[in-house]
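# An overview of the molecular structure
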Amino acid sequence: MKRLTAVGTCMYFLILAGALSCAPGRMWGQTGKATAGTAVSLTEAQVLDRATKLLRQMTLEEKVAQLSQLPGFPAPEFMETVQRKPEEILKQFGAGSILWVSDPKEINRLQHVAVEQTRLHIPVLFGLDVIHGYHTIFPAPIAMASSWDPKMVEDAQTVAAREARAVGIQWTFGPMVDIARDARWGRMVEGAGEDPFLGSAMARAQVWGFQGRQPGAPDRVLACMKHYAGYGAAEGGRDYDSSYVPEELMWNVYLPPFKAGLDAGAATFMSAYMDLNDVPASGNRWLLTHVLHDTWKFKGFVVSDAFAVRSLVIHGYARDLDDAAYKAFTAGLHMDMASGTYLKYLPLEVQQKRIAMQQVDEMVLPILETKIRMGLFENPYVDESKMAGVLNAPESQQVARRAAQRSIVLLRNENLLPLDKNGKNVHSIAVIGPLADTQIDLLSMWGSNVEPGPTVTILQGIKEKVGSAIKVGYAHGPNLRRTFASPFENIEIIKMKEQPEQTPEQAKQAAEEAVALARQSDLAVMVLGEIDIMSAEAASRASLRLSNGQEEMLEAVVATGKPVVLVLVNGRPLDINWASEHVPAIVEAWYPGSQGGNAVADVLFGDANPAGHLPVSWPRSSGTLPLYYSHNLTQAPETAPDFKSRYWDIASTPLYPFGYGLSYTTFGFDNLKVTTTARVDGTIEVSADVTNTGSLAGDAVAQLYIHQRAGTASRPVRQLKGFERVALEPGAKQTVHFKLGKDELEFWSPSLKTWVVEPEQFDVWVGGDSKAALHAEFSLTE
Ligand code: BGC
C-alpha cells in the first residue's frame, strides 16, 4: 500500500466519512449535553455516523484489536497466549490503545504502523499514568486535595495534560478517585482522601484539567476515572484484597466521585482489580452495566486495570481465560488492558455464538467515537519539535511551586514557625533525614515513573532560601527500606528504588551523626516519612510508625534540647503521637513534587502562609483503622457515662480531625445565618463570616457540615457539604455563602432503595475543620 502522510490519511477519512461540518459536539461521557466543538468540530450524530461506517468495514479481528490495549513494554510471558508479538498484532489488525510508551519518536513510529500499514488506518490511543504531572511534577493527589482549592488542581492538571500531549500521550489513567479511609492502604496517596464531597470536587477539577471544557483540544488528554469501584475499601488496607461495600455505602460514599467525574465529561473509566462483594470489579455487571451504563448513561468506554481480565481466573471467578473474556465482556468491559485475553478468546466466543457480533459492535463503537472526537484521525502524530518548549516552560514550575505551597498542612506550631531567614535568631540549621535531600521521593510513585524534570530537594530549597545568612548542615540518618521489597523494583522501567541496605551498625552511626549535627546547630529541620516506594501501589503497611529508626533519631534530636521542626514527606498519615506532644512544629508536606523543596522552604520561612487542611482523619494508631469523621452515631459513644463504644487502651478520636490545618494567622467564624425551613425540593441558604483575627495575611478554609437527625436511615454525625478557601488580610472579614439543595441533601436510603430528600430536622455547622462549633438548625418539609 502507498504510504499515507498524516494529511493523506485525513483525506482518506474525509472521503470515508463524508463532508465534515462545524456544528457543536457535546461533552463526553454523557448523553444530551451540548458543549462547543470537538477537535474536529463534529456533531454527535456525525461522530456516530463516521464510527458506524468504519465499523461496517471491520473484520472481527480488527474489532477485537480495538477492544485491546497492547503493552508498550516487553510483553509479559502470559501474553504468549495471544501467540504473536504486540507489534505484529498492531501491523495486522491495529489496536485500540498502547500502554506505557512515552518516547515521542516511538509513539510516532508505532502510530505510523497503525495509520499507514493497517487496512483501515485507525490510529492508536497512547495511554500513560500522568497522574500529577509528566515532566513538571505536581504534589501527589492527596496533597493537592489538602489544598481544598479545586481551581489550583485544575490548573495543575492542565499543565500535566499539555506536557503529556506534547510527547504524544493522548490518554491518562487519572484521576484516581477511590475513597480511602484506611491509611494502611498504600494507594491513599493517589486519591483525595476519605470524603465523597471533597473527593467529588477534586474529581471534577481533575477531569476539567486533563480534558478541558472543550473535549478534543490539542493540548488536552482523555481522563479515566479509576479504579471503578470500591478499591479503596480493600480489607485490612491490604492492596488488591477484596472489598465488601454495602450498596448504601457504594451509592453514598464510594460512587459519588466517579459520578462527579462523569458529569464533568470524563471520556473513560478503568475497572478495578479486586473482588467487590465477591464479584471482581472487572467482571462486575452491577458496576459496569447497571450503574455505569444503564443508570448513569455513560457513553464512553471502560478499560480494565492492567491484566485484570486475565486475573478473573486467578480470582476464581472465571473457569479459564475463555470464560474470563466472556465474563468481562458481557459485564460491560470494553477494553482489555495488556492481558491479551480478549485478543485470543473473543473471536472464539463469537465463532461459537456465545457472543453476538452486534454485542461486539456496541463495545467497539465508543472506542472509535472517542478517537474521532479526539481528532486522532486528522492528527495522529505528535510534533516532536514542540516538545522541548512545552516541557521546559518556566511558568509550569511556578504552577508547581504554588500548588505545593497551597497543599502543605501545618499540623502543629508552638510559636516556632515561621523561621527567620535573615539569621537574626538562628545562625545554623541542621537539616536531617533520609528524605531531606532526595529528589525522586518528592515525586511519589507516578511522578517518579514518568519523565520528571529537575526537582528541588528540601535541603536545596532551604539553602537557596537562607543563602549565606544561615549555615546549613546536612545529615542523612539511616536509610529507608521496606521489610518486604516492592514488586515494582523488579520492573526495569520503574524508577522508584529503596535506599541501599545498611548494617545495624551503619544505621546507628548515621543516626548518631545526625544527632551530633543537631547538637552543633541552633535548630533542626527533620525531614522524615516514607520514600515513594513505601506509599504507592503494592505498598500497604500494618504499622504507621516512622520506620527504620527514624522515630528513635527524632527522639534523640529532640533530647538535645534544640528546637525541632518535623517535616513529613509521605503519602498517608503516620503515627506521630510522640511528635505531636514533643516536637514544637510539624509540617505535612506530603509528596510535594518538582518544586517541593522550594515550597517547603517558602512555608518554613514564612514566604507562604500554610493553609492546607487534612483530607483524611489522622489516626493515633493503625489499630483504629478504618477511621473517618462521617461515621454514624452509636447508642454508646465515647462521651457516654458507662457503656462506651470504641477502645479501652487508646482514644478512638483522631489525632487531628478531617479538615484540620493551622496557619501563621488565626481565623474566627461567626454570624451563621441559615434559612430555617424549606420544602424538600427547595434550597437552604447558609452564610457565615470568616475573620482573620491574627496579624498576618492568610487563607482560611471555611467548611460546612450537616447532620440529618432522623429519617429512613441513620445518617452520619457530620457530612461535608460545602467549602471555600478564602484569602484574608489581617483584620479582614468575608462572608461565605453556601446553598444546600437536592445534591447536598439527598442520600441513597437503604430502606427505600432509592435516593431521597427527607422532611426532617438538620444541624448545620460552619468552621475551620470537621469539629466546627458554630451551629444552627434547619428543617425540611413535604
Ligand atoms: C494500576 C493502575 C494503572 C495501571 C497502568 C495498574 O497497576 O493499578 O492504576 O493505571 O497499572 O499503569
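Quick look at the structure, then. (Residues numbered from 1 in each chain as written. Predicted model: local features only at pLDDT ≥ 70, side-chain atom pairs only at ≥ 80, totals over all residues. Heavy atoms only, no water.)

### Here we look at the overall build of the protein chain
Heads up, the rule is: Only DSSP runs of H or I reaching four residues or more are called helices, and only runs of E reaching two or more are called strands; each is numbered from the N terminus. For the radius of gyration, the atoms used are the C-alpha atoms, and the globule rule reads 2.2 Å times the number of residues raised to 0.38. For the exposure calls, accessible area comes from a 1.4 Å probe over protein chains only, and a residue counts as buried if that area is under 20% of its type's maximum, exposed if over 50%, partly exposed in between.
If you tally the helices and strands in the protein chain, you get 24 helices and 26 strands. Against the globule reference of 28 Å for 782 residues, the protein chain gives a C-alpha radius of gyration of 27 Å, in line with a compact fold. For the protein chain, the spread of C-alpha atoms along the three principal axes comes to 75 × 65 × 50 Å. Split into buried and exposed, the 782 residues of the protein chain put 64% on the buried side.

### Notes on the pattern of salt bridges
Rule in force here: Any Lys or Arg side-chain nitrogen located within 4 Å of an Asp or Glu carboxyl oxygen qualifies as a salt bridge.
Within this structure, the stated rule accounts for 39 salt bridges. Residue lysine 386 pairs with aspartate 383 through a salt bridge whose shortest N-O separation is 3.8 Å. The salt bridge involving arginine 679 is made with aspartate 681; its shortest N-O contact spans 3.4 Å. The exposure class of arginine 679 is partly exposed, given its relative accessible area of 48%. Connected through salt bridges with shared partners, the residues Arg401, Lys421, Lys465, Asp602 and Asp607 form a single ionic network.

### Notes on the pairing of strand β26 (residues 774-781)
The condition is simple: Here a strand pair is declared whenever DSSP counts at least two bridges between the two strands.
Summarising the sheet, strand β18 (residues 677-679) and β26 pair through three bridges and their orientation is parallel. Within the sheet, the bridge partner assigned to threonine 677 lies in β26 and is serine 779. Direction of pairing for strand β25 (residues 761-767) relative to β26: antiparallel, over a ladder of six bridges. Considered in β26, the bridge of glutamine 761 is made with serine 779. Turn length for the β25-β26 hairpin, with the two strands adjacent in sequence and antiparallel, is six residues.

### Focus on the packing of helix α17 (residues 394-407) against helix α23 (residues 596-604)
For the record, the criterion: In this analysis an axis means a line fitted to C-alpha atoms, helices contributing only their contacting stretch, and an angle means the value between N-to-C directions, from 0 to 180 degrees. Relative orientations are named as follows: roughly parallel for angles under 35 degrees, roughly antiparallel for angles over 145 degrees, roughly perpendicular for angles from 65 to 115 degrees, and oblique for any other angle. The crossing is said to be left-handed when, going from far helix to near helix, the turn is anticlockwise and less than a right angle, and right-handed when the turn is clockwise. Note on definitions: a residue-residue contact is assigned when non-hydrogen atoms from the two residues lie within 4.5 Å.
Two elements in contact, α17 and α23, have axes whose closest approach is 8 Å; the angle formed by their N-to-C orientations is 50°. Taken as axis vectors, α17 and α23 run oblique relative to one another. As for how α17 packs across α23, the hand of that crossing is right-handed. Residues Arg401, Ala404 and Gln405 of α17 form the contact with α23, whose participating residues are Asn598, Ala599, Asp602 and Val603.

### Let's talk about the sheet that holds strand β19 (residues 684-692)
Reading across from one edge, β17-β19-β22 is the order of the three strands in this open sheet, with antiparallel pairing throughout. The open sheet terminates on both sides in strands that have one partner only, identified here as β17 (667-674) and β22 (733-740). Averaged over all neighbouring strand pairs, the angle between strand axes comes to 20°, with direction disregarded.

### Side note on the site of the ligand
Counted only if it meets this: One heavy atom suffices: a residue is near a molecule or strand as soon as one of its heavy atoms comes within 4 Å of it. Counted as a polar contact is a pair of N or O atoms within 3.5 Å, where, for protein atoms, one must be capable of donating a hydrogen and the other of accepting one, and residues adjacent in sequence contribute only when both atoms are in side chains. The Shrake-Rupley method, run with a 1.4 Å probe sphere, supplies the accessible areas, and residue values consider only the shown protein chains as cover.
If you check the shell around the ligand, you find 13 residues, and the closest are Asp129, Arg187, Lys226, His227 and Asp305. Tryptophan 100 is positioned such that a nitrogen or oxygen atom in its side chain is 2.8 Å from an oxygen atom of the ligand. Between arginine 187 and the ligand, the recorded distance is 2.7 Å, taken from a side-chain N or O atom to an oxygen atom. Notes on the ligand: free accessible area 310 Å², of which the protein chains cover 94%.

### Describing unusual backbone geometry
Put simply, glycine 174 and proline 175 share a cis peptide bond, and its omega is 10°. Within the element layout of this structure, proline 175 appears in the loop between β4 (171-172) and α8 (196-211). Geometrically, the link from tyrosine 228 to alanine 229 is a cis peptide bond, its omega value of -5° lying close to zero. Secondary-structure assignment places alanine 229 in the loop between β5 (224-228) and α9 (247-254). You will see that tryptophan 148, though not glycine, has its phi angle at about 50°, which is positive. Note that tryptophan 148 resides in the loop between α6 (141-146) and α7 (150-167). Owing to a relative accessible area of 1%, tryptophan 148 belongs among the buried residues under this scheme. Located in the positive-phi region is lysine 297, a residue other than glycine, with phi close to 60°. Relative to the elements of secondary structure, lysine 297 occurs in the loop between α11 (285-295) and β9 (301-304).

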